Amino acid sequence: MNIPNDLRYTKSDEWVRLNGEIAEIGITDYAQSELGDIVFLELPEAGRYLQLDESFGVIESVKAASDLYAPVEGEVAEVNTALMSALEVINQDPYGAGWMVRIRLKDPTQVQTLMTPEEYRNYRQI
Amino acid sequence: MKRTALYDAHRRHGGRMVEFAGWEMPVQYAGIIEETRAVRQRWGIFDVSHMARAYFQGAHTSEYLSKLVPSDLTKVADGIGQYTVLTNEQGGVVDDIILYRLEPQRWLVVFNAANREKDLAWFHRWRPEFGTDVTIDDQTEQTVMVAVQGPEAVARLSTLMGANLSAVPRFGIAQVDFQGTALWAGRTGYTGEDGFELIAPAELGEILWEALVEAGATPCGLGARDVLRVEAGLHLYGHELTDETNPIEAGLNWLVSERTDYIGAEIIQQVKQSGPQRKLMGVVLQERGVPREGYPVMIEGDAVGMLTSGVYSPTLEKGIGMAYIPASSAKAGMPCAVEIRGRAVPATLSTRRFLKQA
């Protein structure tokens, strides 16, 4: 199971990539593998302000539906609308082309409170 | 948890194991969508060894079985199977089953894994009244059952077995030789595709499975099996059929004969004559979304039913499901909506023949 070293992680299996004041967010390799083939995705509009832990979308596989939670607080700066017509990308490249939203952070230090790769590996026991 | 004789083979081929009806079964291998496509376009194989199989034998077996089902078994010849239901005194469905007549008084009965104990108890309960000379031999755990399904299934299997299996009629059953052992091959399935269900001694299971994989069949799990059966509009016990569901409202009129001497016949004939109050319909989403079991179905804002099954159909690239709808509204083409997370997603009622609408 791939857990890149330069990312931070949540208990609800999102990953966060910090670029200055922008946080890029997606779901982990573990999450896509557990869900299986993704068949539905609902993401917020750009401009929406997300509170910490707020549900910002829904992802569904053939087997299950799951909420997406904001791991950080801030405004949605960009949404990966290309995913909507190519949901298999989330299964194939969860940490790259499978990114979902970019959030302009209220407080960039918030990212440091999330799990490190090692903590996430221990948490999921993978 | 019970394991089928193919458990090791599943692990070897990367099957992801889950619990189903007390059995540890593969839910998927490469992925549910890929497996679904393989069966619609080429051929795939499923371990369905968890399903119950029993031989019924004795001088009055046909008469005994006739008392338990609404179908006319006098029309079933040797080597032919009949899909039917066990009915209860209230006209409800105890289980849906396949009865294969192997000989005039010897039948092979295939029934649902989740209902194995319940059905066996039911069969034994009616023996004193209708079949004291009938013996019931449950061979589930001594055998494996492998479903071979898809447009290429019959030709590929014929090559592998060195037999012309296309000569076996739909729902027919024949013995075929595989490496010196006789297998049962029933031309049925649960996918809406052509194919066979093979029954073999448990010790031959892995060899059979590996030979099929070697011949190019895609191993498929229960996930794809469920998607395929919903796409084909087929019932699953506990969902579309229950002890409280009668076969007429379930759209199984075709298997209900005019007979009046089986359990629950009076009520079922009554419903057949007056028409059911509700009917099992297909539901097709008109927007993106995944309909799932339990989601409310609405017509003009009123909840009129609930999805008994729902899936994303990779074949139609739409969300589809089934629901019992009041007879007055149960018309193909009727606009409706499925409530998904509080939102009414536009949908249309349809027949259960989803694939015919594609």
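The rules we used
- Note on numbering: residues in each chain are counted from 1, in written sequence order.
- Following the order in which they are written, the chains are lettered starting with A and the ligands numbered starting with 1.
- Residues qualify for local features only when their pLDDT is at least 70, as the model is predicted, and side-chain atom pairs are given and counted only at 80 or more; totals for whole chains, interfaces and linings, by contrast, use all residues.
- Hydrogens are left out, water is left out, and the side-chain values use all remaining heavy atoms of the structure.
- Contacts are assigned to residue pairs with any non-hydrogen atoms lying within 4.5 Å of each other.
- Accessible surface is computed with a 1.4 Å probe, and the buried area is the amount of it that two parts give up when combined, taken over both parts together.
- Each salt bridge in this description consists of a side-chain nitrogen of Lys or Arg and a carboxyl oxygen of Asp or Glu lying within 4 Å of one another.
- Whenever a nitrogen or oxygen atom comes within 3.5 Å of another N or O atom, the pair is scored as a polar contact, on the condition that within protein one atom can donate a hydrogen and the other can accept it, and that pairs from neighbouring residues in sequence are kept only if both atoms are in side chains.
- Think of it this way: any DSSP run of H or I at least four residues long counts as a helix, any run of E at least two long counts as a strand, and we number them from the N terminus.
- In this scheme, a residue with accessible area under 20% of its type's maximum is buried, one over 50% is exposed, and one in between is partly exposed, where area comes from a 1.4 Å probe on protein chains only.
- Starting at the helix axis, one direction is taken to each C-beta atom, and the arc is that of these directions.
- If DSSP finds at least two bridges between two strands, the strands pair.
- Axes here mean lines fitted to C-alpha atoms, for a helix over just the part in contact, with angles spanning 0 to 180 degrees between N-to-C directions.

Q: Please clarify how the interface of chain A and chain B should be interpreted in this entry.
A: Contacts between chain A and chain B engage 15 residues on the former and 14 residues on the latter. Counting the surface lost from both chain A and chain B, the interface buries some 1300 Å², and carbon and sulfur atoms represent 48% of this. If you sort the residues of chain A by the area they bury against chain B, Phe40, Val62 and Lys63 of chain A come out on top, with a joint share of 40%. Arg292 of chain B is the partner of Glu60 of chain A in a salt bridge, and the nearest nitrogen-oxygen pair spans 2.7 Å. Applying the counting rule to chain A against chain B returns ten residue pairs in polar contact (both at pLDDT 80 or more). Listed by contribution, the elements that provide at least two residues to the side of chain A that touches chain B are helix 1 (29–35), strand 4 (38–42) and strand 6 (55–61) of chain A.

Q: Is there a simple way to think about helix 9 (residues 265–274) of chain B in this case?
A: Working note: α-helix, 3.6 residues per turn, so residues spaced by three or four point in the same direction. Residue and element names in this part refer to chain B. Every buried residue of helix 9 is listed here: Ala265, Ile268, Gln269 and Val271. All buried residues of helix 9 lie within an arc of 160° about the axis, which places them on one face of the element. Exposed and oriented more than 90 degrees from the buried face of helix 9 are Glu266, Gln270, Gln273 and Ser274. Structurally, helix 9 contributes buried residues whose contacts are with strand 6 (80–87). After helix 9 finishes, the residue Gly275 shows a positive phi value of roughly 90°.

Q: Looking at this model, I keep getting lost on the sheet that holds strand 12 (residues 181–186) of chain B. Mind explaining?
A: Each strand in a sheet pairs with its neighbour through backbone hydrogen bonds, running either in the same direction (parallel) or in the opposite one (antiparallel). Residues and elements named next belong to chain B. A sheet is described by the order of its strands in space; here six strands give the open sequence 11-12-13-10-4-14, paired in mixed fashion. Here the strands that pair on one side only, and so sit at the sheet edges, are strand 11 (173–178) and strand 14 (218–220). On average, each strand axis in the sheet is inclined to that of its neighbour by 30°, with strand direction left out of account.

Q: In this structure, what is going on with the pairing of strand 4 of chain A? I would like to understand it.
A: On any regular strand, side chains alternate: one points to one face of the sheet, the next to the other face. Residue and element names in this part refer to chain A. Of all the five residues making up strand 4, four are buried; the element is thus mostly covered by neighbouring parts of the structure. Alignment of strand 4 against strand 6, held across four bridges, turns out to be antiparallel. Residue Leu41 lies in a different strand from strand 6, and its bridge partner there is Ile59.

Q: Sorry, what's going on with the pattern of salt bridges here?
A: Under the defined criterion, the tally for this structure stands at 29 salt bridges over all chains. Two residues, Glu103 of chain B and Arg106 of chain B, come together in a salt bridge whose shortest N-O distance is 3.7 Å. Among the ionic pairs, Asp226 of chain B bridges to Arg229 of chain B, the shortest N-O distance being 2.9 Å. Linking Asp226 of chain B with Arg229 of chain B, this pair stays in helix 8 (residues 222–231), spanning three residues, or about one helical turn. For Arg229 of chain B, a relative accessible area of 1% translates into the label buried. Taken together, the salt bridges that share partners define one network made up of Arg17, Glu24, Glu78 and Arg102 of chain A.

Q: Looking at this structure, how should I read the pairing of strand 2 (residues 14–19) of chain A?
A: Residue and element names in this part refer to chain A. The pairing of strand 1 (residues 8–9) with strand 2 spans two bridges and is antiparallel. Bridged to Arg8 within strand 2 is Val16. Linking strand 1 to strand 2, which pair antiparallel, is a turn of four residues; within it Asp13 sits at a positive phi near 70°. Where strand 2 meets strand 3 (residues 22–27), six bridges bridge the pair, whose relative direction is antiparallel. The residue of strand 3 that forms the bridge with Glu14 is Ile27. Taking the residues that link successive antiparallel strands as the turn, the strand 2-strand 3 hairpin has two residues, and the phi of Gly20 there is positive, at about 65°.

Q: Please clarify how unusual backbone geometry should be interpreted in this entry.
A: Excluding glycine, residues mostly carry a negative phi; peptide bonds, for their part, are mostly trans. Residues and elements named next belong to chain B. The phi dihedral of Phe171 falls on the positive side, at around 70°, and the residue is not glycine. Within the fold, Phe171 resides in the loop between helix 6 (153–161) and strand 11. Taking the relative accessible area as the measure of exposure, Phe171 reaches 25% and is therefore partly exposed. In this model, Glu300 sits at a positive phi of 50°, which is unusual for a non-glycine residue.

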